[in-house]
Structures are given as C-alpha cells and as structure tokens.
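Here is what each chain is made of, one letter per residue.
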Amino acid sequence: MTRAGQGPNVFTLVTDRLRSADMLQALALFLAAQLFVLAVRWPGAGESNEAWFALAQARMVLLSLAALGYGAAETRASTYSRRATAGAMLMFVGLSAPFDVATYAASYPAVPWWWSSLLPFPATLAYFGVGLALGRAAAWARIGALLPLLVPGLLVAGIWADVRLGIDVFNPLTAALHVSLVHLGAMAALAAATAAWLARPARPAQRRRGDAKERG
Amino acid sequence: MNVAFAVPAVRRRGAVPAALLRVVALAVALFAGHAAAQTGRAQVELGLGGHLVADAWNPVQVTVRDAAPSVLRLRIDEGSLLEGPRIVRYSASVPGGSGVTVFQDDLYVPTFRSLSWTLASGRSVLASGSLGAADADARPLQVVLSSSPGSWRSAFGADARLVDVAASDLPARAAAFDGVRTILLDGSAAAPRAESIAAAAAGGVQVLLAGALPASQAGLARLAAAGSHRLGAGVVMRIADDPAAVRARLAAWNPQDRSGLVQALAADRLVHPPPTPSQPLVLSLAAAYVLAALLGLRFGGAPGLAAGLVLALMVSVAGWRLLRPASPELDASRTVLVGGGELALALKVDERLTLPSGVVSLEGAGRPLTPIPYSVDDGTTHVELPRWHAVAVAVRPALRPASLRFQDGQLINDGHTPLRDVYVLGLGRQPDLAAGVTRAPAPGEEGGLPAPLARLAARLPRGTALAQAPEAVWVALPPLAGLPGGRP
C-alpha cells in the first residue's frame, strides 16, 4: 500500500482512525443523535414534514462541534494522524448523508439540494482547521486543560457574533437552512487553509512512524 | 378621489373669472363620482362607467391615444387597523401605437382602505389616481339605460345605487357585471350590444326590458323574443313600461348567490399533502442502516468502510426516490356551471398546495378565498405561501355553453360527456343522463346527494337540476314558469 518515499495510504489511515474506540463511539453517538431527532420530528399522517429543518441543524452543529473538538485534540499529533482524523470527520459527513437526503426529500424545503448535501464537507474541514488553531493557541497559552470548555465556547461565540452583527459567517444553525455565499466563502477559505496545512509534507520522523504503522 | 383636470387661465375683460371656473370644475369633479383619471393621451376607468363595487369583479378600461406601450398598476390596501396593511397588486401591459388603443380587463376589488393606480410608459406617467375608504361601496349597481333615467328613480329604493351608464360603456364579459343587480332598458336611449346584455344576464343580472323596444333595437328584441326567460345565472324579462312594474320585479328578484356557491365549492380541501411513511417504518429502516454501517466499519476494516459508503449512497438514492413528492406543487380545481337557457356561468375554484415556501402562480385572474396578499400580473395570479400551505383561488367567472338545461319541461344533456348523480331539487334523484339525451324529470328518491352537491343544493332554488360531470358540477336553474310535473 505504501510506495517508496510516500506516506501510508490515506484510506487505510482513515479506516484505522475510524475504527479506534473513541472515534467509533463518537460516530455511533452522532448517528444515534440523528435517529433521535428523526424520532422526535418525523410527522404523523397529514401533517407537514419539517423533519429536515431540525435534522439539518442538529447535523451541522454536531459536525462542527466534533470537528472543532477533534481538531483541538490533534495539536500534538503527527501530520498523518491529523490527516486521518480530518478524513474520518469527512466520513462522518458521508455516513450521515442518508439522513439528510431522505428528510430533505420528504420535507421539500426551498433550499437547493446541493447546498444541503455539499456544505457540510467544507464546513467540517473548516471547523477542523479552526480546532487545530484553537488547540495550538491553547497549548501556547498553557491552557490546554480548558479545551473541553473552549471548544463549545468558540462555537457559541461564533453563533453569538453572527447574531449580534447580523451576519452569516460562522453560525452552523442558520447556515444549513438557507444559501449564504458569505458563509460558503468563509468555510471554503478556512477549508482550503486547513487542507493546505494538512497537505504539508510530513517530517521524516513522522513519515517513518507512519510507514511503520502501515507495515504493522 | 383625486381627479386631474386643468382649467385655462382667463384674463380677458368681461370673461368669467378663473376662480369661478375652478369652483365649477371642482363641483363637477366631486359630483361626477367617477373613478377615472385622464390626461390628453390616456384615460383609466375603474368600474362600470366609473362606478366601483367593492367585493365584486369590476371592469377596467384603459384608453390611450398615440402612446407607447404602457403598464397599468393598481395597489389596493384591503387591510385594517387591527391587521395592518394587506396589499393586492394588479398590473397589466397595455399595448400602444398610433391611434386609439382600448384595453379592457376585469379585476376583483375587495373592500379597501385605499386604492391607487398609475398608467406609466417608461418613466412618464400617463394617468394616475387614488380612492379612499369612503369610495369602497359594496352596494350593487342598478343600471338604467334611458334617455330620462330620472323617471325611473321612484321604482328603486332610496338606498339603491342607481347609475346612468352609456350603452357603449357596457362590456361583453360576464365578470364585468358581477357588481350589477339590475339593468333596466326602456328603449329610449341608444341600444347596447345584445352581447353585452346577454353577458350581463348570464352573469347573474336581472335585465328588465320595459315596454316595446323600437325597431332600431331589434337585436335586443330578439334576445327577449321568447318572453321572460332565464339566461345563465340571470334573467331577461319583458315588463310593462311602468315604474310600478319595475318595482314589483325588483322586489321579486332574488339573485343567485354566486359568492355562496364559490364558498361551497371550496368548503372542503381539494388538494391534500402527499402521504408520509409511518414513523416506525422510517425509524426501523434508519436504525438498520446505522447498525449495518457501524458493524461494517468495526469488523470490515477498509472494505467495510467502502461498503458503508456505498450503502450510504444506496440508502440516499432509495430514500430520495421513495420520499420525494413528484412535484413541489399540487393542484386541483372544481367548477360549478350555473346554467339557464343556452348559457352557463362558470364559477371555478383552483386550489394549489406548495411544499417549499415561495410564490405560487395560477393561470388566470383570480382572488384568494382567504385574506392574504396577492398580485395579478397580466392574467396570472401570484400568491406567496409558507411551506406546506394551500390556497384556494376563485377564478374570474366566465361564460360557457350550457350542457345541462331545461327546455319545454325536459332535462337535456347537450354536452359530450355523460352526467351522473343527476338530481332535481324537489323531485329527487334522476337517472344518469348520457350525452345528447333528453328526459322529463320525474319524482325520484330524495336525499343521498354527494357532499359537494349537497352544499351547492342548499344555496339553489327548488326545481334546480344538478349533475356531476368528470371535472365540473352542472346546475340548471328551473324555468321561470316553474317545474312541470313538480311536487307542490
């Protein structure tokens, strides 16, 4: 799987990361949360179907929170590990897509389907990058122990700033429900920066560790 | 009401002072009572002869001379102090060109707080005007076509809205007469077109032809050649040339409640939301997917993850195909055709349900039956609706040839489709009528009317025949002479 001079296969790394206990539990919890939302919001006969609105918001918030959290926790990890975790986060998006697609189909919102389907990918990667930056900043300020508070706090601060300023840049709650080019631009820029950061060549020591992990 | 007029300044010695002219012109404008505004090139007239009737369809006429194409825009505020403004917008493209261009249309005017209009060509306004709440008069018009209309004044009540309209101002569209109760002709004035009188009668107006008509009005005489008779939802009657006879007919006339028939049509929902799968089924399938994806990932490694992604794709496609309604908008319509003689007045209700929020557009001019803002744009009605909401729109009444009618005591199906659920109020159920069949109504089983017909029947006179066609309900009003063979 590993070619000479290159790192381990990304898909294998992502699979391994997803199979780790913490990630598998997080994925199970994430999907269970969507099942719960579906159970609460699915309509009875003759009622209007509003399931997608609640599910899209819950999905975006949970993805943002998970991406921020895992990003912050990967500050001291190797480049390969960061890539694997970022890939695993994107797998969260892919594996939860049926919930979004099915409820979107039944609810028939005015938002175009491509917005609902594609936005979570750059948004998740963007929040992962923000989490990486947050973790690094917390480590620099020697307040790493406060990360469990800083992660949701940052998300709440983003939502609060959007509401106060009347803009739509960071708020995942409103972003899912209507097309916002400002939000898309912000998320795309952050996602591109994150991807560029993750794409930097790994240091030799990290590469050797990655190769050994791949062989093992 | 703002009426634009201009008075030339008078400076010559001995001439009438300009101030006096202005006073006279103001008095003329105040007493004219016409909802019209004009410049040298354009004139806009709302209502029959400039007389608007609130809560009814009214004719709109625009006359432009040597002008470029223009757009007529009306803004009607039908809100209230409690609810705030509720705006109805109307716009229509008026063709232009050299010579005189006349544009005619019909517009539903609700009881309004304010009504304003502009006729604009590019940036230049050709005509404009406005009306206030005091001009929103819902009393129907009593139209007198006579060279001496004052002689008929005593036949009408003190509260009657008696108007004198030029015969040439009468349109030939049934909807234009929605706000008219009676048209009285005594043959002394210029004759209107027979089509206009036929349209008025079929639209629900009582047309009274007083006395003998002169030979120059042979067209109208032909309309009443068969004596007094029903035509569509109204009647054409020959009466004596006497105010007492007119008074008697006015007292006896009970016009068909067209608005009530429309309400009866829309009493139950025509469109229903698409069916939704039951919650247990959806949850079971979703839980099965989650379990399969997690197990595949846990025990399948990279192939398991790949299989999970493929499964996610398949479930997404299947969910989309199963749950997605075929169309974002669902619609249905119901029509009742009120016939008398050979014409029928079509009253149609269109109902549209939209799943996403947005503006729904219905072909044809109409008015929503619920109090919401809407606009009519070149014959298309637009209503902004929230998600999963429906709106019922009463379409502008129109005339059709009558399929079901009474003739010589017989019930005739003149159409091309068979009529079922035939029922004569007061006689009971009748056998189905195949296309082209004539049959004398006979006493039959009472009751058992389908719900839509029963609601209509409650608003129709005894002796009326009702029948269902595939897309409409036909109503044949009874002959004025009474129903032959009917029960007392």
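Here, every reference points to the structure presented above.
Report follows, based on the coordinates. (Residues numbered from 1 in each chain as written. Chains lettered and ligands numbered in written order. Predicted model: local features only at pLDDT ≥ 70, side-chain atom pairs only at ≥ 80, totals over all residues. Heavy atoms only, no water.)

**Re the overall build of chain A**
Across its full length, chain A carries 10 helices and 0 strands. Helices (α) and strands (β) of chain A occur, in sequence order from the N terminus, as α-α-α-α-α-α-α-α-α-α. For chain A, the share of sequence-separated contacts (at least 6 apart) that also reach a separation of at least 24 residues comes to 75%. For chain A, the accessible surface area stands at approximately 9900 Å², while carbon and sulfur atoms represent 67% of it. (Helix = DSSP H or I, 4+ residues; strand = E, 2+ residues; numbered from the N terminus. Contact = heavy atoms within 4.5 Å. Areas by Shrake-Rupley, 256 points an atom, 1.4 Å probe, with all protein chains shown as cover.)

**Here's the deal with the side chain of Asp168 of chain A**
Residues and elements named next belong to chain A. Mapped onto the secondary structure, Asp168 falls in the loop between α7 (147–165) and α8 (172–175). Within the buried core, Asp168 has no salt-bridge partner, and the shortest N-O distance to an opposite charge, that of Arg164, equals 15 Å. With residues near it in sequence (within four places) discarded, Asp168 still touches Asp162, Thr174, Ala175, His178, Ser180, Val182 and His183. (Buried < 20%, exposed > 50% of the residue type's maximum accessible area, 1.4 Å probe, protein only. Lys, Arg positive; Asp, Glu negative; His and termini not counted. Salt bridge = Lys/Arg side-chain N within 4 Å of Asp/Glu carboxyl O.)

**Observations concerning the interface of chain B and chain A**
In this complex, chain B contributes 35 residues to the contact, which on the side of chain A involves 37 residues. Surface buried jointly by chain B and chain A totals about 3200 Å² across both partners, of which 75% is contributed by carbon and sulfur atoms. At the junction of chain B and chain A, the tally comes to 1 salt bridge. Of the charged contacts, one joins Arg387 of chain B and Glu50 of chain A as a salt bridge, the two residues approaching to 3.2 Å between their closest N and O atoms. Summed over the shared surface of chain B and chain A, the result is 9 residue pairs in polar contact (both at pLDDT 80 or more). Taken together, the residues that form the side of chain B that touches chain A break down as 23 nonpolar, 9 polar and 3 charged. (Buried area = accessible area lost by both parts, 1.4 Å probe. Polar contact = N/O pair within 3.5 Å; in protein donor to acceptor, adjacent residues only side chain to side chain. Nonpolar A, V, L, I, M, F, W, Y, C, P; charged D, E, K, R; others polar.)

**Remarks on the environment of Ala102 of chain A**
Structurally, the position occupied by Ala102 of chain A is in helix α4 (residues 79–107). Along the backbone, Ala102 of chain A and Ala51 of chain A are 51 residues apart, and their C-alpha atoms lie at a distance of 9.6 Å. When sequence neighbours within four positions are dropped, the list of residues in contact with Ala102 of chain A reads Gly319 and Leu323 of chain B.

**Digging into the nonpolar core**
Among the nonpolar cores identified, the biggest contains 64 residues, and Leu18, Leu27, Met89, Phe92, Phe99 and Phe128 of chain A are the most heavily contacted of them. Going through the elements one at a time, α1 (10–19), α2 (21–41), α3 (51–73), α4, α6 (120–140), α7 and α9 (181–198) of chain A together with α6 (279–323) of chain B are the ones with two or more residues in this core. In terms of nonpolar packing, the next biggest core, distinct from the first, is built from 39 residues, Val44, Val62, Ala67 and Leu72 of chain B among them. (Core = buried A, V, L, I, M, F, W, Y, C linked by side-chain atoms within 4.5 Å.)

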